[in-house]
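Here are the chains, one letter per residue:
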Amino acid sequence: MIHTESKTERIRPQRFHESAGVEDWRVVGEGACTYFRTGSFAVGAQFVQAISEMPGVGDDHPDVDVRQEGVTVRLIMVTDDYYGLTERHIELARQISAVARTLDIAADPSAVQTVQVTIDALAGPDVVAFWRALLGYQDRANSGEDLIDPRRRGAPFYFQQMDAPRPQRNRVHVDVWVPYDQAETRIAAALAAGGRLVNDADAPSNWVLADPEGNEACVGVAGPPGPVIDRP
């Protein structure tokens, strides 16, 4: 049995991925996520009801998005000083997957992603203040360089500090976080669609691409697993 202290221990994405029983899930930019193909709104609602009846699920309040074709579930802890995963999310992911299996609902983790807008800024605090007010967003865990939608639906914004003007390149780009086993496919599709590879120095965790007119985007991966280790 896991003690209360260890349940709230903060973990990195790799720790989550290395755990047995979470094969349905992928950590992207905003927590551990998966997509369940329910096939109808009624089955999706039944699935969400079953999740809500799991013992202790209210303490972790997973984010759930119900659509006609399926249900996306995200696990993340949001506090004043932390925005990420804990040991408890490993067991919660296992339990939610087990509920899906009892209802004969298949998971498709390849269908999840996170999109983030990144802005390069010289006067960081002033730029952040403007976007915070415009979007109605809030700081992520007291960060001075990250803004999130308090309802956790809109794309997060990240502000990257610049030391000097950079007129030769765009100062706004999109970060796309995809499952670790989908990155190569996604990049290949973007290149085949007319894009080009700008920088792969940080691969296999990050690649910089550009569209035919030079607008940049990054493809990011969170914590690819090593050998599977079962840590109860």
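Above this text is the structure in question.
Residues numbered from 1 in each chain as written. Predicted model: local features only at pLDDT ≥ 70, side-chain atom pairs only at ≥ 80, totals over all residues. Heavy atoms only, no water.

### Concerning unusual backbone geometry
Selection rule: Only runs of H or I of at least four residues qualify as helices and only runs of E of at least two qualify as strands under DSSP, and these elements are numbered from the N terminus.
Cis geometry is adopted by the peptide bond preceding Pro 204, which originates at Ala 203 and carries an omega value of 10°. Tracing the backbone through its elements, the reader meets Pro 204 in the loop between β14 (196-199) and β15 (206-210). Its identity as a non-glycine residue notwithstanding, Asp 104 has a phi of 60°, on the positive side. With respect to the secondary-structure elements, Asp 104 resides in the loop between α4 (87-102) and β8 (106-107). Even without being a glycine, Asn 142 presents a positive backbone phi close to 65°.

### Examining helix α5 (residues 124-135)
Quick note on the threshold: By definition here, a helix of n residues has an expected span of 1.5 Å times n minus one.
Compared with the 16 Å implied by 1.5 Å per residue over 12 residues, the 16 Å span of α5 between its first and last C-alpha is a close match. In the segment just after α5, Gly 136 is the residue with positive phi, at about 70°.

### Here we look at the environment of Pro 62
For clarity, the cut-off: For the exposure calls, accessible area comes from a 1.4 Å probe over protein chains only, and a residue counts as buried if that area is under 20% of its type's maximum, exposed if over 50%, partly exposed in between.
Relative to the helices and strands, Pro 62 is located in the loop between α3 (41-52) and β4 (63-66). Judged by relative accessible area, Pro 62 falls into the buried class, the value being 16%. Taking the C-alpha atoms as reference, Pro 62 lies 10.0 Å from Ala 32; in sequence the two are 30 residues apart.

### Quick word on the environment of Tyr 83
Quick note on the threshold: Contacts were defined at the residue level, with two residues in contact if any of their heavy atoms lie within 4.5 Å. By the criterion applied in these results, polar contacts are pairs of N or O atoms within 3.5 Å in which, for protein atoms, one can donate a hydrogen and the other can accept it, and in which residues neighboring in sequence qualify only through two side-chain atoms.
Looking at where Tyr 83 falls in the secondary structure, it is placed in strand β7 (residues 83-86). C-alpha of Tyr 83 to C-alpha of Gly 44: the two residues are 39 residues apart in sequence and 27 Å apart in space. Not counting the four nearest positions on each side in its chain, Tyr 83 is found in contact with Glu 30, Arg 74, Ile 76, Met 77, Val 78, Arg 140, Ala 141, Ile 148 and Arg 152. At 2.8 Å, the side chain of Tyr 83 and the side chain of Glu 30 are in polar contact.

### Details of the nonpolar core
The following threshold applies: Within this scheme, the nonpolar core is defined by two criteria: the residues are buried Ala, Val, Leu, Ile, Met, Phe, Trp, Tyr or Cys, and they are joined through side-chain atoms within 4.5 Å.
Phe 16, Trp 25, Phe 36, Phe 47, Val 73, Leu 75 and Ile 96 are the most contacted members of the largest nonpolar core, which totals 23 residues. Contributions of two or more residues to this core are made by β3 (31-37), α3, β5 (71-75) and α4. In terms of residues, this core owes the most to one element, α4, which gives six residues. Beyond its immediate chain neighbours, meaning those up to four positions away, Phe 36 contacts Trp 25, Phe 47, Glu 69, Gly 70, Val 71, Val 73, Ile 96, Ala 100, Ile 105, Ala 106 and Ala 107. Ranked by size, the runner-up nonpolar core spans eight residues in total, among them Val 176, Ala 183, Leu 209 and Val 221.

### Quick notes on the side chain of Ser 97
Of note, Ser 97 is situated in helix α4. Excluding its chain neighbours within four sequence positions, the residues that come into contact with Ser 97 are Asp 24 and Trp 25.

### Overview of the packing of aromatic side chains
Convention followed: Ring pairs are drawn from Phe, Tyr and Trp, using the six-membered ring of Trp, whenever the two centres fall within 6.5 Å, and their geometry is named by plane angle: stacked under 30 degrees, edge-to-face over 60, tilted for the rest. Working rule: Lys NZ or Arg CZ, within 6 Å of ring centre, within 35 degrees of ring normal, means a charge sits over the ring.
Here the structure, examined in full by the defined rule, presents six aromatic pairs. Each ring, one from Phe 36 and one from Phe 47, has its centre 4.8 Å from the other, and the planes form 70°; the classification is edge-to-face. Note that Phe 36 is positioned in strand β3 and Phe 47 in helix α3, a separation of 11 residues in sequence. Here Phe 130 and Trp 131 contribute two aromatic rings whose centre-to-centre distance is 5.4 Å and whose plane-to-plane angle is 85°, an arrangement assigned as edge-to-face. Three or more aromatic residues link up through ring pairs in this structure, and these residues are Phe 130, Trp 131, Tyr 137, Phe 157 and Phe 159. If you follow Arg 140 out to its NZ or CZ, it ends over the ring of Tyr 83, 4.8 Å from the centre.

### Quick word on the packing of α3 against α4
Applied cut-off: To get an axis, fit a line to the C-alpha atoms, keeping to the stretch in contact for a helix; angles then go from 0 to 180 degrees between the N-to-C directions. Comment on the angle field: the value is read as roughly parallel under 35 degrees, roughly antiparallel over 145, roughly perpendicular from 65 to 115, and oblique elsewhere. Should the near helix be turned counterclockwise from the far one by less than a right angle, the crossing is left-handed, whereas a clockwise turn marks it as right-handed. Three classes are used, and their members are as follows: Ala, Val, Leu, Ile, Met, Phe, Trp, Tyr, Cys and Pro are nonpolar, Asp, Glu, Lys and Arg are charged, and the others, Gly among them, are polar.
Contact geometry for α3 and α4: axes closest at 10 Å, N-to-C directions at 135°. Between α3 and α4, the interaxial angle falls into the category oblique. Like other packed secondary-structure pairs, α3 and α4 cross with a definite hand, here right-handed. Contacts from Phe 47, Ala 50 and Ile 51 in α3 reach Ile 96, Val 99 and Ala 100 in α4. Residue classes in the contact of α3 with α4 are distributed as six nonpolar, no polar and no charged.

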